[in-house]
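Residues per chain are reported as follows:
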Amino acid sequence: MVQAALTAPPAARRSPLRGNALPLAIFLILALTPLFAVFGAQAYVLSLVTRVMIFAIAALALDLLVGYGALVSFGHAAFVGLGAYAIGILSSHGITEILVALPVALIVAVLFAYLTGIVCLRTRGVHFIMITLAFSQMIYFTASSLAPYGGDDGLTIQTRATLLGLNILGNDRALYYISFACLAGAYLLCRALVASRFGRVYRGARENPLRVATIGFPVYRYQLVAYLIAGALGSLSGFLLGNATDFVSPAYMSWQRSGELLIMVILGGLGTLDGAIIGAAAFILSEEWLSGLTEHWKVIFGPLLVLVAIFARGGLLGLVARLRGAPHD
Amino acid sequence: MTEGISTEAISAEAISTEGISAKPVLRLESLAKSFGGLRVTDAVTLEVRPGELHAVIGPNGAGKTTLINQISGLLAPDAGRIVFCGEDVTSLPVHARARRGLARSFQITSILPGFSALENVALAVQARAGTSFSFLRSASAEAALNAPARAALAQVGLAERADVPAGALAHGEKRALELAIALAMEPKLLLLDEPMAGTGHDESARLVAVLRELKGRFPMVLVEHDMGAVFALADRISVLIYGRILASGTPEEVRADRAVVAAYLGDEME
């Protein structure tokens, strides 16, 4: 026992540099991608990686809920859709100013998160999954029925968002770096959040909600705040997605899309943040690659997911950690 | 505060045992709780005085944990009142009671297994040190949280184990950690639900020593099966049988009580 006590725990052995090496590498690669893209199919690479980064923002938000709060939301695409529709609808009325459209997108998402959160956060486990799914389906069908805004078919965004009249999202490279900045900002925010006092209470509630309540914290209130933040980040992702695709449709908030976001987070490794980015990249890139091989790419992708679920508990990050013989937490 | 107390009736039981009664930290007034047809708490009236270690003993199924759960707010009583530090807390939620200084430990160890021992306790410090709606500053770097947390760990003999994940601690250490969490809350009352449950002989001796040290600094309600520990530590003992208080008094009075000996202690003391 004493010997066990004297050997340093994993947390103490991990140097701060090692904790930062992976995210530094990720962001370095993302920052340099456009420079190398000029040698190949530039437009294709830029739009593909932009898509990765946009979904990574939504995946980060979902990791905040699922990985750090054990709040398995099966409706996170609703927030992505709300952000996309905010820019779509405003743009169809000629309002493209970011300083208007982005706050609207965020406020709508936070409002939706609040109204649904006060209901679904009173439930746990399977019930939470079902209720978040139900709410996102409500939004999905509402969007489908918006005849003036394309209904089922969705609507094309004629003009991308502008900043003080400047068409800063106009070229793909600018959109790329703005998405990059948003992802970096979202990542840093999430990292600070989970390490903060707030994050400690919130993470504690995942471990043992009863203990956290008997220490004196109203668990529900902390979870609600996290839910609002995750909703806002989801909406930011949708806002960028609308601009990147010049198009919005109800499909953005379908339950399949919510499921894909969950797959990204689980694939990369829950509760790590780094994993959310890696999972989004792995999902979108393999989708792209496999769908180029065959139309029935899901026949290949499905079994791959099963293999990851069985053999790589902790996702891709967990797998890497295990291969290096390091303890994964 | 004091006049609020004096207007409230002092229970007959308190008068009979000691005659005088300082302002009680906790008073249960005719508390009742039934599960279906089963009365698990039956007109329980009980007082915990400042500085006192009040043990609640009784056979399995007597309703001891149910009673603790009602005091800490996990269960709502069907009838009766719970008055804590002069305030009626009967309808307050768990976290609000904890905020007012009611700390508890659980019969089945309840810690945050994925947190380090230090972080478990630092979370409890956080509950009383400023707002926890702070989003950007790293909590683990806050000396204002870590220093009191380390002090609480030291009090229960876990100073060397601060960085170990709580889930990896030995059973007795987990029990001690729960105690440290409660201490870090700087409680006005400690509710200890079988703190010695499942610990070995050495470990429980160590826990008794810790409790002896804490005695007098915090009023405590101790539910415990280890009669040696109870009679060594308690200032007063209430005997609970089938949800009713059979007797309440000093260890000597309880030991001498014929009804108690017949119903419970007869087997336990042999």
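In this text the structure is predicted, and so the values were computed from the model without any measurement.

All right, on to the overall build of chain B then. Looking only at helices and strands, one finds 11 helices and 10 strands in chain B. Relative to its length of 270 residues, chain B is compact, with a C-alpha radius of gyration of 19 Å against a globular reference of 18 Å. Reported as C-alpha extents along the three principal axes, the dimensions of chain B are approximately 55 × 45 × 40 Å. A buried classification covers 47% of the 270 residues belonging to chain B. Looking at chain B alone, contacts between residues at least 24 apart form 67% of all its contacts between residues at least 6 apart.

A few words now on the domain arrangement of chain B. Residues and elements named next belong to chain B. Segmenting chain B into domains produces domain 1 (2-101 + 188-268) and domain 2 (114-186). Computed over C-alpha atoms, the centres of domain 1 and domain 2 are 27 Å apart. Facing the 10 residues of domain 1 at the interface are 9 residues of domain 2. By residue number, the principal contributor to the side of domain 1 that touches domain 2 is helix α8 (residues 201-214), which donates 4 residues. Per-class residue counts for the side of domain 1 that touches domain 2 are 5 nonpolar, 3 polar and 2 charged.

Residues and elements named next belong to chain A. One way to put it is that helix α6 (residues 98-120) packs onto helix α11 (residues 219-245) with a least axis distance of 8 Å and a crossing angle of 140 degrees. Looking at the two axes, α6 sits oblique to α11. At the point where α6 passes α11, the crossing takes the right-handed sense. Between α6 and α11, the contacting residues are Leu102, Ala105, Leu106, Ala109, Val110, Phe112, Ala113, Tyr114, Gly117 and Ile118 on the first element and Leu224, Tyr227, Leu228, Gly231, Ala232, Gly234, Ser235, Leu236 and Phe239 on the second.

This part covers the interface of chain A and chain B. On the chain B side, the residues contacting the 24 residues of chain A number 35 residues. Each residue belonging to the side of chain A that touches chain B can be placed in one class, and the counts come to 15 nonpolar, 5 polar and 4 charged.

Further remarks concern unusual backbone geometry. Residue and element names in this part refer to chain B. A positive phi is found at Ala43, a non-glycine position, where the angle reads about 50 degrees. One can find Ala43 in strand β2 (residues 38-48). The exposure class assigned to Ala43 is partly exposed, which follows from the 15 C-beta atoms found within 10 Å. In this structure, Cys85 is a non-glycine residue whose phi angle is positive, near 50 degrees. On the secondary structure map, Cys85 appears in the loop between β4 (79-84) and β5 (87-88).

Hydrogen bonding along the main chain pairs the strands of a sheet, whether they run parallel or antiparallel. All names here are of chain B. Overall, antiparallel pairing links the 4 strands, which are arranged β2-β1-β4-β5 in an open sheet. The two strands at the open ends of the sheet, each matched to only one other strand, are β2 and β5. With 2 bridges joining them, β4 and β5 adopt antiparallel strand pairing. Note on β5: the bridge partner recorded for Val83 is Asp88.

In this section: helix α5 (residues 77-92) of chain A. All names here are of chain A. Here α5 contains 16 residues, and its C-alpha end-to-end distance of 22 Å stays within 8% of the 22 Å for a straight helix at 1.5 Å per residue. Of all 16 residues making up α5, 15 are buried, and the element is well covered by its neighbours. Gly94 occupies a position one or two residues after α5 and carries a positive phi of about 85 degrees.

As a further point, take the sheet that holds strand β7 (residues 189-193) of chain B. Residue and element names in this part refer to chain B. Across the sheet, which stays open at both edges, the 6 strands sit in the order β6-β7-β8-β3-β9-β10 with mixed pairing between neighbours. Taken across any chain shown, the strands that pair with only one partner, and hence form the sheet edges, are β6 (102-105) and β10 (244-249). Each strand axis lies, on average, 15 degrees off the axis of its neighbour in the sheet, ignoring direction. Relative to β10, strand β9 (residues 236-241) runs antiparallel, the two sharing 5 bridges. Residue pairing in the sheet places Leu240 in a bridge with Ile245 of β10. Relative to the sheet, helix α7 (residues 171-184) contacts β6 and β7, its axis offset from that of β6 by approximately 175 degrees.

Before going further, it helps to examine the nonpolar core. By size, the foremost hydrophobic cluster in this structure holds 178 residues, and its most contacted members are Ala56(A), Ile57(A), Ala59(A), Leu60(A), Ala280(A), Val121(B) and Ala180(B). Counting the residues that make up this core, at least three belong to each of domain 1 (2-101 + 188-268) and domain 2 (114-186) of chain B. If near-sequence neighbours (up to four positions away) are discounted, Ala280(A) is found in contact with Val52(A), Phe55(A), Ala56(A), Ala59(A) and Met264(A).

Moving on to the environment of Gly88(A). Residue and element names in this part refer to chain A. Of note, Gly88 is situated in helix α5. Residue Gly88 is classed as buried on the basis of its C-beta count, with 29 C-beta atoms lying within 10 Å. It is 9.3 Å that separates the C-alpha atoms of Gly88 and Thr159, two residues lying 71 residues apart in sequence. Not counting residues up to four positions away in its chain, the partners in contact with Gly88 are Tyr149, Leu155, Ile157, Gly242 and Val248.

Turning our attention to helix α6 (residues 143-155) of chain B. Residues and elements named next belong to chain B. Taking 1.5 Å of rise per residue, the 13 residues of α6 would be expected to cover 18 Å, and the 18 Å separating its terminal C-alpha atoms lies within 8% of that figure. Every buried residue of α6 is listed here: Leu145, Pro148, Ala149, Arg150, Ala152 and Leu153. Turning to α6, the residues buried within the fold contact α5 (117-128) and α7. Phi for Gly157, located one or two positions after α6, is positive at around 80 degrees.

Okay, the pairing of strand β3 (residues 53-57) of chain B next. Residue and element names in this part refer to chain B. With 5 of its 5 residues buried, β3 lies for the most part within the structure. Side chains of β3 alternate between two faces, with Leu53, Ala55 and Ile57 and His54 and Val56 buried alike. Sheet topology note: the β3/strand β8 (residues 220-223) ladder contains 4 bridges and is parallel. Looking at the pairing, Ala55 lines up with Leu222 of β8. Bridge count between β3 and β9: 4 bridges; the pairing is parallel. Within β9, the residue paired with Ala55 across the bridge is Ile237.

Cut-offs and rules
Residues numbered from 1 in each chain as written. Chains lettered and ligands numbered in written order. Predicted model: local features only at pLDDT ≥ 70, side-chain atom pairs only at ≥ 80, totals over all residues. Helix = DSSP H or I, 4+ residues; strand = E, 2+ residues; numbered from the N terminus. Rg over C-alpha atoms; globule rule 2.2 N^0.38 Å. Buried ≥ 20, exposed ≤ 12 C-beta atoms within 10 Å, placed from the backbone. Contact = placed C-beta atoms within 7 Å. Domains from an automatic or database assignment. Nonpolar A, V, L, I, M, F, W, Y, C, P; charged D, E, K, R; others polar. Axes fitted to C-alpha atoms, helices over the stretch in contact; angles between N-to-C directions. Parallel < 35°, antiparallel > 145°, perpendicular 65-115°, else oblique. Left-handed = near helix turned anticlockwise from the far one by under 90°. Pairing = 2+ DSSP bridges. Expected span 1.5 Å × (residues − 1). Core = buried A, V, L, I, M, F, W, Y, C linked by C-beta atoms within 7 Å.

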